[in-house]
Amino acid sequence: MAEDVDSQVVNPWEVTAKDGGKIDYDKLIEKFGCQRLSDDIVQRVERLTGRPAHVFLRRGVFFAHRDFNEILDLYERGEKFYLYTGRGPSSEALHLGHLVPFMFTKYLQDAFKVPLVIQLTDDEKCMWKNLANAKDIIACGFDITRTFIFSDFNYLPMGNFHAYFLLAENCVIAFYENMVKVANCVTFNKVVGIFGFTPEDHIGKISFPPVQAVPSFPSSFPHIFSNKNIKVNNNLRCLIPCAIDQDPYFRMTRDVAPRIGYQKPSLIESSFFPALQGENGKMSASDPNSAIYVTDSLKDIKNKVNRYAFSGGQDSIENHRKFVTSVFLDDDPELEHIKEEYGSGRMLTGQVKARLIEVLSELVERHRKARALVTDELDEYESVNL
Ligand code: TRP
């Protein structure tokens, strides 16, 4: 990948802060051209949905957006939209950072009562991994009657025969047709500008962006968004909750959409979940000590928080603890209380860590229980009619 001139690099494959420091999110917003998610919008979401905003919204984990207000406008007029998110495989187990978009997506689905498509960008060899990941995703509790989960290799025309016959023929073709429409609008120069591809990158990388782009268009899913008599409404809008490193895909998608007669997808974007060692960088699936995994035992969690969390300068210790505690501790008054007590020295580091261990263990335990209830049969999620 090409070196970024400002030395802060954020793209779907790499997240590196300047000089090992913190990611400058304001700069990112400016560079990408998205908008900051204001308190006004959070309050509007609460008004429209009649429920408190998700803790990730209240505490700014989801901090940026593109045209989210337009989605709220149409919802207010009583119109529908749909959600799209996804996941690529990186390791056997997911860590809590991976779950953030899915936990948030579940909240959005519940609050707005809308359909959801989840794309698993797996390759064939990763079938097992894929299933493991899909189970973790399903364990987040999506509404089974409104959710379609698909892996590219099952859904795309190059996929296996079984899937081809299972799905109506026109579905696979519609998805592929949209990929070709997108690909026809994007020059090599354009993807170099957006993703930083170099001449040495293989063409698989260069040709992948349309695959991630087209679930943003309802006509890619005729079996969901149409029935015998009614054609897909191309004006049905799409909202994509994702981490901000996925923004390049959707900047490209939004650029192309009007040229092929489609609506631009809207986005609601999160910051990166910081690694346990400190604030710079995100939880990484390749460094097991940098993250809490959904498969971690209580002992693992204790160990990681006590031994690895918050090592570093005093400043980053403080900030990191604040971040993790404040993201997963839903109870506003309790968090306020901890802040006060800790700030005045009445509460010690060990006590905050103990509370953090409790909160994380509860979350992982809840996830483990939900996951155990997911059967190997994923068909239910694959054949829904929304
Ligand atoms: N590229 C994403 C990843 O590597 C997977 C993905 C596909 C995705 N479609 C998406 C993520 C839509 C967010 C929204 O994890």
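As the structure is a prediction and not an experimental result, all values here were calculated from the model. Sequence order as written defines residue numbering, which begins from 1 separately in each chain. This being a predicted model, a pLDDT of at least 70 is required before a residue's local features are given, and a value of 80 or more before pairs of side-chain atoms are given or counted; all residues contribute to the totals for chains, interfaces and linings. The side-chain values count all of the structure's non-hydrogen atoms but skip hydrogen atoms and water molecules.

**Student:** Would you explain the site of the ligand in this entry?
**Tutor:** All residues in the neighbourhood of the ligand are listed as Tyr84, Thr85, Gly86, Arg87, Gly88, Gln119, Thr121, Gln212, Ile240, Cys242, Gln246 and Phe250. Polar contact is the term for a pair of N or O atoms within 3.5 Å; when the atoms are in protein, one must be able to donate a hydrogen and the other to accept it, and sequence-neighboring residues count only if both atoms are side-chain atoms. Take glycine 88: an N or O atom from its main chain is 3.0 Å from an oxygen atom of the ligand. Measuring from a nitrogen atom of the ligand, one finds a side-chain N or O atom of glutamine 246 at 2.9 Å. In isolation the ligand offers 370 Å² of accessible surface; the protein chains occlude 85% of this area. Strands here are runs of E lasting at least two residues and helices are runs of H or I lasting at least four, both read from the DSSP assignment and numbered beginning at the N terminus. Element by element, the count of residues in the shell around the ligand is highest for strand β5 (residues 81-87), at four residues. When we say a residue is near a molecule or strand, we mean one of its heavy atoms is within 4 Å of it. Computed with a 1.4 Å probe, the accessible areas rest on the Shrake-Rupley method; for each residue, only the protein chains presented here act as cover.

**Student:** What should I look at first to understand the pairing of strand β8 (residues 237-243) in this one?
**Tutor:** Consecutive side chains of a regular strand alternate in pointing toward one face of the sheet and then the other. To sort residues, take the accessible area from a 1.4 Å probe on protein chains only and compare it with the maximum for the residue type: under 20% means buried, over 50% means exposed, and anything in between is partly exposed. Buried residues dominate β8, accounting for seven of its seven residues. A two-sided burial pattern is seen for β8, the buried positions comprising Arg237, Leu239, Pro241 and Ala243 on one face and Cys238, Ile240 and Cys242 on the other. Of the pairings in the sheet, the one linking β5 to β8 comprises three bridges and is parallel in character. By the bridge assignment, leucine 83 is partnered in β8 with leucine 239. Across five bridges, β8 lies against strand β9 (residues 266-270) in parallel orientation. Looking at β9, one finds that cysteine 242 is bridged to glutamate 269. Assessed by its sense of winding, the connection that carries the chain from β8 through helix α14 (residues 247-256) to β9 is right-handed. Strands are treated as partners if at least two bridges between them are detected by DSSP. We call a crossover right-handed when, viewed with both strands directed away from the observer, the connection leading from the first strand over the helix to the second proceeds clockwise.

**Student:** Would you mind going over helix α18 (residues 349-372) with me for this structure?
**Tutor:** Owing to its 3.6 residues per turn, the α-helix aligns residues three or four sequence positions apart on the same side. The span expected for a helix works out to 1.5 Å for each residue beyond the first. Across its 24 residues, α18 extends 34 Å between first and last C-alpha, which sits within 8% of the 34 Å expected from 1.5 Å per residue. Turning to α18, its buried residues are Val352, Lys353, Leu356, Ile357, Val359, Leu360, Ser361, Leu363, Val364 and His367.

**Student:** Just to check I follow, could you spell out the sheet that holds β9 for this structure?
**Tutor:** Hydrogen bonding along the main chain pairs the strands of a sheet, whether they run parallel or antiparallel. Strand order across the open sheet formed by seven strands is β3-β4-β9-β8-β5-β6-β7, with mixed pairing between neighbours. Either end of the sheet is taken by a strand with one partner, and the two such strands are β3 (35-36) and β7 (147-151). Relative to β7, strand β6 (residues 116-120) is paired through five bridges, and the arrangement is parallel. Paired with valine 117 across the two strands is phenylalanine 148, which belongs to β7. Contact between two residues is taken to exist if any of their heavy atoms lie within 4.5 Å; hydrogens are not considered. What counts as an axis is a line fitted to C-alpha atoms, over the stretch in contact for a helix, and the angles between N-to-C directions run from 0 to 180 degrees. On the sheet, helix α4 (residues 68-76) packs against β4 (62-66), β5, β8 and β9 and is oriented at approximately 135° with respect to β8.

**Student:** Sorry if this is basic, but what is going on with empty space enclosed by the protein here?
**Tutor:** Sizing a probe to match a water molecule and rolling it over the atoms shows the empty space that remains. Space inside and on the surface of the protein is sampled on a 1 Å grid over the protein atoms alone, with a cavity defined as a set of points where a 1.4 Å probe fits but cannot get out and a pocket as an open set with protein on both sides within 12 Å along at least 5 of 7 lines; lining residues have an atom within 4 Å of a point. Grid points are joined across faces, edges and corners, and a volume is the space filled by probe spheres set on the points. Under the defined criterion, the tally for this structure stands at one cavity of 30 Å³ or more. By volume, the largest cavity is sized at about 30 Å³. What lines the largest cavity is Ser216, Phe217, Pro218, Asn234, Leu236, Arg237, Cys238, Tyr262 and Gln263.

**Student:** Even after reading the chapter, I still don't get α4, so can you show me in this structure?
**Tutor:** By the burial criterion, the buried members of α4 are Phe68, Ile71, Leu72 and Leu74. Burial along α4 is one-sided: seen end-on, the buried residues are contained in an arc of 165°. Structurally, α4 contributes buried residues whose contacts are with α2 (39-49), β4, β5, α5 (96-112), β8 and β9. Each C-beta atom gives one direction from the helix axis, and the arc is the one those directions make.

**Student:** Looking at this structure, how should I read the side chain of aspartate 67?
**Tutor:** Residue position: aspartate 67 is located in the loop between β4 and α4. Filtering out sequence-adjacent residues up to four positions away, aspartate 67 remains in contact with Gln35, Arg237, Arg254 and Ser266.

**Student:** What should I look at first to understand the packing of aromatic side chains in this one?
**Tutor:** Each aromatic ring pair is characterised by the separation of its centres together with the angle its planes make. Each Phe, Tyr or Trp ring (for Trp, its six-membered ring) is paired with any other whose centre lies within 6.5 Å, and the angle between the two planes then decides the class: stacked below 30 degrees, edge-to-face above 60, tilted in between. Using the criterion set out here, one finds 25 aromatic pairs in the structure. Measuring from ring centre to ring centre gives 6.1 Å for tyrosine 25 and phenylalanine 272, while their planes differ by 40°; the resulting arrangement is tilted. In this pair, tyrosine 25 sits in helix α1 (residues 25-32) while phenylalanine 272 sits in the loop between β9 and α15 (298-308), placing the two residues 247 residues apart along the sequence. Relative to phenylalanine 112, the ring of tyrosine 75 has its centre 4.7 Å away and its plane inclined at 90°; by these criteria the two rings are edge-to-face. Here tyrosine 75 is found in helix α4, whereas its partner phenylalanine 112 is found in helix α5, with 37 residues between them in sequence. A residue is classified by how much of its surface remains accessible, and tyrosine 75, at 22% relative accessible area, is partly exposed. Assessed through its relative accessible area of 2%, phenylalanine 112 is described here as buried. The rings of Trp13, Tyr84, Phe195, Phe197, Phe208, Tyr249 and Phe250 are connected pair by pair, giving a single aromatic cluster. For a Lys NZ or an Arg CZ to count as sitting over a ring, it must be within 6 Å of the ring centre and within 35 degrees of the ring normal. Seen from the ring of tryptophan 13, lysine 205 lies directly overhead, with NZ or CZ sitting 5.6 Å from the centre.

**Student:** Explain the confidence of the model for the protein chain here, please?
**Tutor:** Here the protein chain averages 84 in pLDDT, and 80% of its residues register 70 or above. pLDDT is defined as a per-residue confidence score from the predictor, taking values between 0 and 100. Long-range and interchain partners of residues 123-128, a stretch whose pLDDT sits below 50, account for five contacts in this model, where long-range means more than four residues apart. Considering only residues more than four positions removed or in separate chains, one finds that residues 158-166, a stretch of pLDDT under 50, has six contacts.

**Student:** Quick question: what am I supposed to make of the nonpolar core here?
**Tutor:** As a rule of thumb, soluble globular proteins bury nonpolar side chains together. By size, the foremost hydrophobic cluster in this structure holds 61 residues, and its most contacted members are Phe56, Leu57, Phe68, Leu96, Ile268, Phe328 and Leu360. Among the elements that make up this core, the one with the highest residue count is α5 (nine residues). These domain boundaries are the output of an automatic or database domain assignment. Residue assignment places this core across two domains, with domain 1 (4-274) and domain 2 (284-372) each supplying three or more. Dropping the residues within four chain positions of it, phenylalanine 68 is found in contact with Leu37, Ile41, Val45, Leu239, Ser266, Leu267 and Ile268. To form a nonpolar core, buried Ala, Val, Leu, Ile, Met, Phe, Trp, Tyr and Cys residues must be joined to one another through side-chain atoms within 4.5 Å. Membership of the second largest hydrophobic core comes to 35 residues, among which are Tyr155, Ile194, Ile224 and Cys238.

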